[in-house]
Amino acid sequence: MYKIIYLAIALTVVSCGTTKETVYQSTSEYDTEMLDTLVVTAPVYTEAERTTAFSLPPYNPEATRSYDIIHTKLDVAFDWENQHLLGKAEISISPIFYPIQSVVLDAKQFIVHSVKLGVHGQNLKYTYNDLKLNVQLDRLYNRGEKFNIFIDYTAKPNEGPIGGSSAITSDKGLFFINPTGEDTEKPRQVWTQGETENNSKWFPTFDKSNERCTQEIYMTVAADLQTLSNGILVSTKKNGDGTKTDYWKMDKPHAPYLFMMMVGDFARVSDSWNGKLLEYMVDPPYKDDAKAIFNNTSEMLTFFSELLDYPYPWDKYSQVIAEDYVSGAMENTTAVIFGDFIQKTKRELIDSENDQIIAHEMFHHWFGDLVTCESWANLTLNEGFANYSEYLWYEHKYGKDAADAIRMSEMEGYFYMADQSGTHPLIHYGYGDKEDMFDAHSYNKGGLVLHMLRNIVGDDAFFAALSKYLKDNEYTAVETAQLRMAFETITGQDLNWFFDQWYLDKGHPELNVSSTYVNNTINIFIEQSQDPENHRPIFILPFETAVYANDGSITYHNTVVDARYDTITINNIKQKPLLVNLDGKCTMLGTIDNSFSEEQLATLVKYSPYYFDKTASLRMMSNTELLQSLAQNLIEEKNSSLRIQGLKNAGPQLIDRIKTMIHSDPHSGVRGQALLAYESIVGAESVTIIEEVIKREQVYPVIKTALDLLYIHDSNSAIQSAEILMKDPSPALATSLATIFANSGDGKYLSYIQDNLTKVNIYQIFNIFSKYSDLLTMQSDKVMFSKVKNFSDMAINDGNLYRRFLATNTINAVKNKIIENTEKASDDTIKANLLDYIDQLNSLLSEIISKEKDETLQARYTNF
């Protein structure tokens with residue numbers, strides 16, 4: 001899963017390695033009993049204190065399994081009008097160890113028509129409460145015996161409580177998109193989203209991550225629609241009534257949350273890799289761009305297979321775009337779903353490839369699909385690896401600096417969440433809700449911890465251990481102990497210390513560091529200053545400490561910090577160094593305050609080989625002259641992010657080089673920053689070049705930058721350019737154009753912005769609705785009312801949670817504006833008309849709110 005968070009120990013034993021005498025003294029608050037010279041004291045508790053003091057901390061265990069699902073066979077059809085699934089399920093089951101005479105299956109919001117012992121067997125008694133189906137078997141079944149349960153049912157995903165989380169915005173499990181086909185701008189689709197435990201909203205199963213089985217799915221759909229599921233399409237049967245039945249088979253076991261189905265009208269582009277089918281499934285207008293959207297799929301499969309010494313284990317690899325998808329992407333085995341935000345034209349893909357999200361979902365096919373976390377408390381064994389795959393791929397494909405840019409972003413995301421929401425163990429059995437596990441711990445911290453482990457054991461051992469972990473645990477569910485044991489077997493080391501502090505404890509180190517140089521000796525003084533209430537008090541931290549000589553050369557020294565207050569000594573250093581950098585290779589997850597001077601920070605920018613050092617130092621520097629002196633070197637760096645940093649600090653002396661970079665730099669981000677730098681130096685004199693960029697540049701973000709700058713200097717010219725650009729069919733510039741049009745106040749632009757409300761991706765949606773609302777509320781009351789009343793269908797029926805909210809919010813904003821205008825109106829007839837508008841909009845809002853099932857939106861609407 002790719003996402004676009006939030007224990008007290010009752011008794012504590014403290015050991016102290018001092019020789020100080022300890023005196024035990026009783027008080028009147030304690031009952032005491034004398035045993036020779038030892039005083040044993042027992043506190044006197046109130047009843048409330050006693051209950052609190054001796055309660056267990058929260059704990060979410062692995063799900064207990066009394067039976068194993070061996071195989072699931074489904075036969076499904078779709079009632080599009082009612083948004084129901086008509087299903088028949090045959091489930092093959094065997095007891096785990098103990099005899100069983102009943103089976104409890106997860107089955108949410110079903111109508112259960114019948115339950116039998118096999119397709120043609122006897123009817124079985126059952127009870128059902130809309131969540132669990134409790135089936136009484138015909139007899140007692142012992143370990144080693146197998147039986148089949150057949151269930152005829154109707155799934156109604158829209159008709160029960162609907163919730164969601166920040167990572168997965170809806171838990172319906174099964175989604176009908178534009179089911180009646182009334183929206184001609186949107187495709188008709190059915191797709192599923194199983195993680196975490198939502199596939200049991202469309203088929204009965206044991207919906208836990210520690211279950212796994214093989215599967216077959218027969219999908220009956222209209223003959224002009226296409227289908228996708230896990231595994232291989234075995235056959236297609238025409239039914240003679242305008243429908244067909246596609247038969248999909250998955251003969252390798254995987255977890256129920258990884259089952260998937262998709263139905264729609266796709267452009268299906270096929271390819272192959274090592275004799276296995278690759279599929280790129282996109283909306284028909286993007287057919288010619290399909291391979292570019294998923295550009296490096298084949299190379300990634302080869303890279304990961306070789307890196308892990310474990311060839312891609314599944315029968316095919318399909319990737320498909322879903323309309324109104326409720327998350328970023330999902331690693332359904334052999335059939336990955338992506339949100340439509342990755343669907344771009346070749347022009348939009350320039351310097352904006354989808355490599356990170358594609359790598360993330362692909363790596364899950366080893367870490368998550370092949371080897372699966374046994375419980376959601378262990379989610380980082382899925383998501384931490386997937387996050388780290390992004391680093392691994394970028395390191396391989398684009399270089400270490402590009403990979404480190406990703407790692408720095410991941411670290412900043414973790415620090416932000418830790419500051420806002422606190423910390424918890426990476427393996428977090430005490431979570432409040434399983435959805436809470438989809439946070440910057442499981443993802444960001446999980447990947448960052450793997451990077452530290454890689455640097456401690458070395459590359460060869462790291463990847464050999466991952467290969468062993470996969471081979472030892474393939475097609476099973478695991479916890480962190482299996483990962484640790486794989487590393488210990490490969491390296492011969494006891495790594496409990498590492499796993500205890502990084503996986504089983506919470507927080508990260510915060511170090512205060514200083515150093516001295518006396519008599520050829522460096523002394524480094526370290527304090528671990530992290531709050532022991534929210535972080536582990538003491539971390540064991542191996543470093544390769546860098547000593548920078550006067551000529552900029554660097555020597556590295558292996559050091560270890562393992563105390564709250566520690567001193568490290570490095571001998572035989574012949575000259576006073578320019579600086580000493582404790583984390584010389586920038587591997588630690590944590591913060592370090594080195595108290596470097598501006599000149600020392602400049603030394604790191606000039607001489608450090610690490611992107612982390614250069615970027616972090618630049619951010620801390622404030623000396624403008626020193627920054628400008630570094631800019632000339634930075635703008636010649638190979639890494640585009642560092643060239644951008646150079647341009648941000650470039651002064652007038654580099655104006656000619658900056659002007660050249662506007663047109664000639666190979667990376668669009670650098671060209672855009674060069675234009676900003678040029679404009680900041682020459683001001684209005686830059687208009688001619690800005691206009692040239694708008695006409696000649698191919699990459700949309702650079703055009704956006706130019707258009708924004710043009711608007712500052714010549715708003716009329718910017719509006720003229722915007723009117724030309726609005727003819728471009730891509731919505732890539734829609735938010736930028738909407739800003740210019742909204743600022744103009746001219747209502748003739750409302751239609752353009754409204755047309756793009758459903759076209760922009762999830763990252764643009766809030767801005768474009770905001771600009772539309774701004775422009776609409778500048779219009780007459782009659783125009784406002786006539787435009788906004790048509791938003792009701794979007795507010796009620798749109799499959800995108802955010803669009804429903806924003807449509808409703810726009811209606812509410814117009815209502816409030818009309819209320820404001822009513823208070824100012826002096827004419828009674830006008831006021832009466834406005835009051836009628838308000839009544840109609842209130843009725844419309846009441847209807848929208850009454851029909852909204854999402855609990856998050858219901859809470860947001862209480863103020864409307």
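Everything that follows concerns the structure shown earlier in this document.
Bear in mind the structure is a predicted one, so any value in this text is a computation, not a measurement.

The rules behind these values
As a convention, each chain's residues are numbered from 1 in the sequence order in which they are written. Side-chain atom pairs in this predicted model are given and counted only at pLDDT of 80 or more, local residue features only at pLDDT of at least 70, and totals for whole chains, interfaces and linings cover all residues. For side-chain calculations, the full set of non-hydrogen atoms in the structure is used, while hydrogens and water are omitted. DSSP bridges decide pairing: two strands pair if at least two such bridges lie between them. Helix and strand definitions follow DSSP, with helices as H or I runs of at least four residues and strands as E runs of at least two, each counted in order from the N terminus. With axes taken as lines fitted to C-alpha atoms, and helix axes fitted only over the stretch in contact, angles between N-to-C directions fall between 0 and 180 degrees. Helix span, expected: 1.5 Å multiplied by one less than the number of residues in the helix. Here a polar contact is taken to be a pair of N or O atoms separated by no more than 3.5 Å, where protein atoms must pair a possible hydrogen donor with a possible acceptor and residues adjacent in sequence count only if both atoms sit in side chains. Any Lys or Arg side-chain nitrogen found within 4 Å of a carboxyl oxygen on Asp or Glu counts as a salt bridge. Computed over the protein atoms alone on a 1 Å grid, cavities are sets of points where a 1.4 Å probe fits but cannot get out and pockets are open sets with protein on both sides within 12 Å along at least five of seven lines; a residue lines them when it has an atom within 4 Å of a point. Grid points are joined across faces, edges and corners, and a volume is the space filled by probe spheres set on the points. Each residue gets one label: Ala, Val, Leu, Ile, Met, Phe, Trp, Tyr, Cys and Pro are nonpolar, Asp, Glu, Lys and Arg are charged, and the others, such as Gly, are polar. Note on classification: 1.4 Å probe, protein chains only; a residue is buried when its accessible area is under 20% of the maximum for its type, exposed when over 50%, partly exposed between these limits. Every residue pair with non-hydrogen atoms within 4.5 Å of one another is taken to be in contact. The nonpolar core is taken to be a set of buried Ala, Val, Leu, Ile, Met, Phe, Trp, Tyr and Cys residues, with the residues joined through side-chain atoms within 4.5 Å. Patches here: salt-bridge-free residues with over 30% relative accessible area, like charges joined within 9 Å, nonpolar side chains (Val, Leu, Ile, Met, Phe, Trp, Tyr) joined within 5 Å. Here the accessible surface of atoms and residues is derived via Shrake-Rupley with a 1.4 Å probe, and residues count as covered only by protein chains that are part of the display. Geometry of aromatic contacts follows a simple scheme: Phe, Tyr and Trp rings, the Trp one being its six-membered ring, pair when their centres are within 6.5 Å, and the pair is stacked under 30 degrees between planes, edge-to-face over 60, tilted otherwise.

Trainee: Looking at this model, I keep getting lost on the sheet that holds strand S27 (residues 554-561). Mind explaining?
Mentor: Strand pairing in a sheet is mediated by backbone hydrogen bonds. Such pairs are either parallel or antiparallel. With antiparallel pairing, the 3 strands of this open sheet are ordered in space as S27-S26-S29. Strands at the two margins of the open sheet, each flanked by one partner only, are S27 and strand S29 (579-581). Each strand of the sheet is rotated relative to its neighbour by a mean of 25 degrees, with strand direction disregarded. In this structure, strand S26 (residues 541-548) lies alongside S29, joined through 3 bridges in antiparallel fashion. Note that in S29 the partner of Ala-546 across the bridge is Asn-581.

Trainee: Is there a simple way to think about helix H25 (residues 801-824) in this case?
Mentor: Given 3.6 residues per turn, any residue in an α-helix points the same way as the ones three and four places further on. The end-to-end C-alpha distance of H25 is 35 Å, a good match for the 34 Å that 24 residues give at a rise of 1.5 Å each. Its side-chain oxygen placed 2.9 Å from the backbone nitrogen of Tyr-802, Asn-800 serves as the N-cap of H25.

Trainee: Sorry if this is basic, but what is going on with the pattern of salt bridges here?
Mentor: Two side chains of opposite charge can pair, provided their charged atoms sit close to one another. In total, this model carries 37 salt bridges according to the counting rule given. Between Asp-505 and Arg-536 there is a salt bridge, with the nearest N and O atoms lying 2.9 Å from each other. Highlighted residues: Asp-505 in the loop between helix H10 (496-502) and strand S24 (510-518) and Arg-536 in the loop between strand S25 (521-528) and S26, separated in sequence by 31 residues. Linked by salt bridges that have partners in common, Lys-186, Asp-324, Asp-798 and Arg-803 make up one network.

Trainee: How should I be thinking about empty space enclosed by the protein in this particular structure?
Mentor: Unoccupied space between atoms shows up once a probe the size of one water molecule is rolled over them. Roughly 70 Å³ of internal volume is contained in the largest cavity. Residue lining of the largest cavity: Asn-387, Tyr-388, Tyr-391, Ile-406, Arg-407, Glu-410, Asn-444, Gly-447 and Leu-448, and that is the complete set. When its residues are assigned to classes, the lining of the largest cavity shows 4 nonpolar, 3 polar and 2 charged.

Trainee: Looking at this structure, I do not really get unusual backbone geometry. What am I missing?
Mentor: For the bond from Glu-195 to Thr-196, the omega torsion is 10 degrees, close enough to zero to count as cis. By secondary structure assignment, the location of Thr-196 is in the loop between strand S11 (189-192) and strand S12 (213-222). The phi dihedral of Gln-83 falls on the positive side, at around 55 degrees, and the residue is not glycine. Of note in this structure, Asn-519 is not a glycine but carries a positive phi near 55 degrees. Within the secondary structure, Asn-519 sits in the loop between S24 and S25. Take Asn-519: its relative accessible area is 70%, and that puts it in the exposed class.

Trainee: Teacher, can you tell me more about the environment of Asp-401 here?
Mentor: When you line up the elements, Asp-401 lands in helix H6 (residues 400-421). Distance in space between the C-alpha atoms of Asp-401 and Leu-370 is 31 Å, their sequence separation being 31 residues. Once residues within four sequence positions are removed from consideration, Asp-401 is found in contact with Pro-609, Tyr-611, Asn-639 and Leu-642.

Trainee: When you look at the nonpolar core in this model, what are you seeing that I'm missing?
Mentor: Nonpolar side chains in soluble globular proteins generally cluster together in the buried interior. If you look at the biggest cluster of nonpolar residues, it comprises 170 residues, and the most contacted ones within it are Phe-78, Tyr-153, Trp-366 and Tyr-503. Excluding residues within four positions of it along the chain, Tyr-503 makes contact with Thr-380, Pro-425, Leu-426, Ile-427, Val-449, Leu-450, Thr-480, Leu-483 and Phe-498. One finds Ile-644, Val-670, Val-788 and Met-794 within the second-largest nonpolar core, a separate group that totals 73 residues.

Trainee: I keep staring at a nonpolar patch on the surface and nothing clicks. Help me out?
Mentor: Together, Ile-96, Phe-97 and Tyr-98 make up an exposed nonpolar region whose accessible area comes to about 340 Å². As for its placement among the helices and strands, Tyr-98 is situated in the loop between strand S4 (84-95) and strand S5 (100-106).

Trainee: Looking at this structure, how should I read the packing of aromatic side chains?
Mentor: Between two aromatic rings, the relevant description is the distance of the centres plus the angle of the planes. The final tally for this structure, using the stated rule, is 49 aromatic pairs. Where Trp-273 meets Tyr-312, the ring centres are 6.4 Å apart and the plane angle is 80 degrees; that geometry is what we call edge-to-face. Here Tyr-312 lies in the loop between helix H3 (297-307) and strand S19 (316-322) and Trp-273 lies in strand S17 (residues 267-273), a separation of 39 residues in the sequence. Look at Tyr-312 and you get buried, because its relative accessible area is 3%. Site record: aromatic cluster; members linked through ring pairs are Trp-273, Phe-303, Phe-304, Tyr-312, Tyr-317, Phe-363, Trp-366, Phe-367, Phe-385, Trp-393 and Tyr-469.

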